[in-house]
Amino acid sequence: QVQLVESGGGLVQPGGSLRLSCVASGITFRVYAMDWYRQAPGKERDFVARIRSDGSTNYADSVKGRFTASRDSAKNAAFLQMNSLKPEDTAVYYCNAASVSLGRNFWGQGTQVTVSS
């Protein structure tokens, strides 16, 4: 059974930081790219960041320079360090494990991030 469990969300003031975690089980973690998406109320789910199995990364323009994706294969975990948070970063954040070669894609349950004073 595949599980992706996110944690680390919460309420933070503008300018603050949070670190999201996504722990995977039931998959061969090293062959999956780990993506982060977010969905604000009334909006579509948008891409935030990707970290591939080789450690290369991509980011949405809106978070470049503020967010950093990382992964720890020993822990089957992916992380999203979010700095200089803005109110517009408020959303439910989801991790996604994607393998093109295996044709598989799995979602976590999401974690709420609220940026407000």
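As shown above, the structure is provided for reference.
The structure presented is a predicted model; accordingly, all values stated were derived computationally and were not measured.

Reading guide: rules and limits
Residues numbered from 1 in each chain as written. Predicted model: local features only at pLDDT ≥ 70, side-chain atom pairs only at ≥ 80, totals over all residues. Heavy atoms only, no water. Pairing = 2+ DSSP bridges. Helix = DSSP H or I, 4+ residues; strand = E, 2+ residues; numbered from the N terminus. Axes fitted to C-alpha atoms, helices over the stretch in contact; angles between N-to-C directions. Buried < 20%, exposed > 50% of the residue type's maximum accessible area, 1.4 Å probe, protein only. Lys, Arg positive; Asp, Glu negative; His and termini not counted. Salt bridge = Lys/Arg side-chain N within 4 Å of Asp/Glu carboxyl O. Polar contact = N/O pair within 3.5 Å; in protein donor to acceptor, adjacent residues only side chain to side chain. Contact = heavy atoms within 4.5 Å. Disulfide = S-S within 2.5 Å. Core = buried A, V, L, I, M, F, W, Y, C linked by side-chain atoms within 4.5 Å.

Novice: Would you explain the sheet that holds strand β8 (residues 77–82) in this entry?
Specialist: The strands that make up a sheet pair up through hydrogen bonds in the backbone, lying either parallel or antiparallel. Read from one edge of the open sheet, four strands run β1-β3-β8-β7, paired in antiparallel fashion. Of all strands in the sheet, those with a lone pairing partner are β1 (3–7) and β7 (67–72), marking the two edges. Strand-to-strand twist in this sheet, taken as the mean axis angle between neighbours without regard to direction, amounts to 15°.

Novice: Help me understand the side chain of R71, please; the structure alone is not making it clear to me.
Specialist: With respect to the secondary-structure elements, R71 resides in strand β7. Within the buried set, R71 has no salt-bridge partner at all; the shortest N-O distance to an opposite charge, 7.3 Å, is to D54. At a separation of 2.9 Å, a polar atom in the side chain of R71 contacts the main-chain carbonyl oxygen of F29. Within polar-contact distance, the side chain of R71 engages the backbone oxygen of R52 at 3.2 Å. Apart from residues no more than four positions distant in its own chain, R71 is found in contact with F29, R30, Y32, A33, M34, I51, R52, S53, A77, A78 and F79.

Novice: Just checking my understanding: could you explain the state of the cysteines for this structure?
Specialist: Joining two cysteines, a disulfide is a covalent bond between their sulfur atoms. Evaluated as defined, the whole model comprises one disulfide. The disulfide partner of C22 is C95, and the S-S distance across this bridge is 2.0 Å. Torsion about the S-S bond of the C22 and C95 cystine: about 55°, corresponding to right-handed handedness. With a gap of 73 residues between them, C22 in strand β3 (residues 18–25) and C95 in strand β9 (residues 91–99) connect regions that are remote in the sequence. As far as burial versus exposure is concerned, C22 and C95 are alike and both buried.

Novice: Looking at this model, I keep getting lost on the nonpolar core. Mind explaining?
Specialist: Here is a general trend for soluble globular proteins: nonpolar side chains tend to be buried in one another's company. Within the largest apolar cluster, 29 residues are counted, with the highest numbers of intra-cluster contacts made by M34, W36, V48, F67, L80, M82 and Y93. Those elements that provide at least two residues to this core are β3, β4 (33–39), β5 (45–51), β7, β8, β9 and β11 (111–115).

Novice: Before we go on, may I ask you to explain unusual backbone geometry in this structure?
Specialist: Among all residues save glycine, negative phi is the norm, and among peptide bonds the norm is trans. Positive phi, normally seen in glycine, also occurs at N76, with a value near 50°. Here N76 shows up in the loop between β7 and β8. What makes N76 partly exposed here is its relative accessible area of 25%. One non-glycine residue, S84, adopts positive backbone phi at about 50°. Within the secondary structure layout, S84 lies in the loop between β8 and β9.

Novice: Explain the environment of P41 to me, please; I cannot follow it from the model alone.
Specialist: Mapped onto the elements of the fold, P41 is located in the loop between β4 and β5. Classification of P41 by relative accessible area gives exposed; the value is 73%. Distance from P41 to A91, taken between C-alpha atoms, is 7.0 Å for residues 50 residues apart in sequence.

Novice: I'm lost on the side chain of N96 in this one. Help?
Specialist: If you trace the backbone, N96 turns up in strand β9. Judged by relative accessible area, which is 1%, N96 ranks as buried. A distance of 2.7 Å separates a polar atom in the side chain of N96 from a polar atom in the side chain of N105.

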